[in-house]
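A closer look at the structure
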Amino acid sequence: MKVRPLTIDGAWEFTPVLHGDARGLFTEAFKADVIAETIGHRFDLAQVNLSVSAAGVLRGVHFADVPPGQAKYVTCPKGAVLDVIVDIRVGSPTFGTYDTVLLDDADRRAVYLSEGLGHAFCALEDGSTVTYLCSTGYNPGREHGIDPLDPQLGIEWPTTARDGSPLTYELSPKDTEAPGLFAARDLGLLPQFDDVKQFLQTLS
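Small disclaimer: the values here were computed from a predicted structure and weren't measured.

Secondary-structure assignment places H41 in the loop between α1 (32-39) and β5 (47-53). Aside from chain neighbours lying at most four places away, what touches H41 is A36, Y112, L200, L203 and S204.

Written as structure tokens, this is what we have:
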């Protein structure tokens, strides 16, 4: 499995080795030892989520209060999505920036994002299926969102689907009503960079 650090500290891309023949395909989609070596501590799996999205669906930007936050290992076993990791940690050198990875059923990449980071994606094909391995369970009182179309955040979302057709974005009411990045900061919703670092040290 090939590991590539993203431009945001605490996020990585994982590309597995694909073994294919006339029967189909086999790959090791998740390796706990590789994850632990990369992130510096064991990844404790508490919950697995799965979503299915039509082309143009935007989900996110979602994040959870730290501690404990929620680390995620995200894959797309069917279809394709542009996955986006956003640095929402107030005080971080890269606060307000983002990085992207194409997750699809061809290269079978995955992304890991640590506690304190924001996550979103855009589906590029009908029926795109995303799985999220999560370090903590769902806690609605501690989970928040940022408007993925916030112009101050400036995410360059794709405009064409996997088949080349134009995309029409579709968001949930919750994501549509979410505050922008700086509004969320002023409301005190965003994690603090130093608090996140201190919490991650307890996991090492």
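A word on the pattern of salt bridges. Taken as a whole and judged by the stated rule, the model has 11 salt bridges. Here K31 and E28 are joined by a salt bridge, their closest N and O atoms 3.4 Å apart. Residue classification places K31 among the partly exposed positions, given a relative accessible area of 27%. A salt bridge links K197 to D194, with the nearest nitrogen and oxygen atoms 3.8 Å apart. You can see K197 and its partner D194 sitting in helix α4 (residues 193-203), 3 residues apart, about one turn around the helix. Under the relative-accessibility criterion, K197 is labelled partly exposed at 39%. By relative accessible area, D194 is classed as partly exposed at 46%.

Spatially, β9-β8-β11-β6-β13 is the arrangement adopted by the 5 strands of the open sheet, whose pairing is antiparallel. Either end of the sheet is taken by a strand with one partner, and the two such strands are β9 (98-104) and β13 (143-145). Going across the sheet, the axis of each strand differs from the next one's by a mean of 25°, ignoring polarity. Sheet topology places strand β6 (residues 58-64) next to β13; 3 bridges connect them, and they run antiparallel. Directly across from A64, in β13, lies its bridge partner E143.

Parameters and conventions
Residues numbered from 1 in each chain as written. Predicted model: local features only at pLDDT ≥ 70, side-chain atom pairs only at ≥ 80, totals over all residues. Heavy atoms only, no water. Helix = DSSP H or I, 4+ residues; strand = E, 2+ residues; numbered from the N terminus. Contact = heavy atoms within 4.5 Å. Salt bridge = Lys/Arg side-chain N within 4 Å of Asp/Glu carboxyl O. Buried < 20%, exposed > 50% of the residue type's maximum accessible area, 1.4 Å probe, protein only. Pairing = 2+ DSSP bridges. Axes fitted to C-alpha atoms, helices over the stretch in contact; angles between N-to-C directions.

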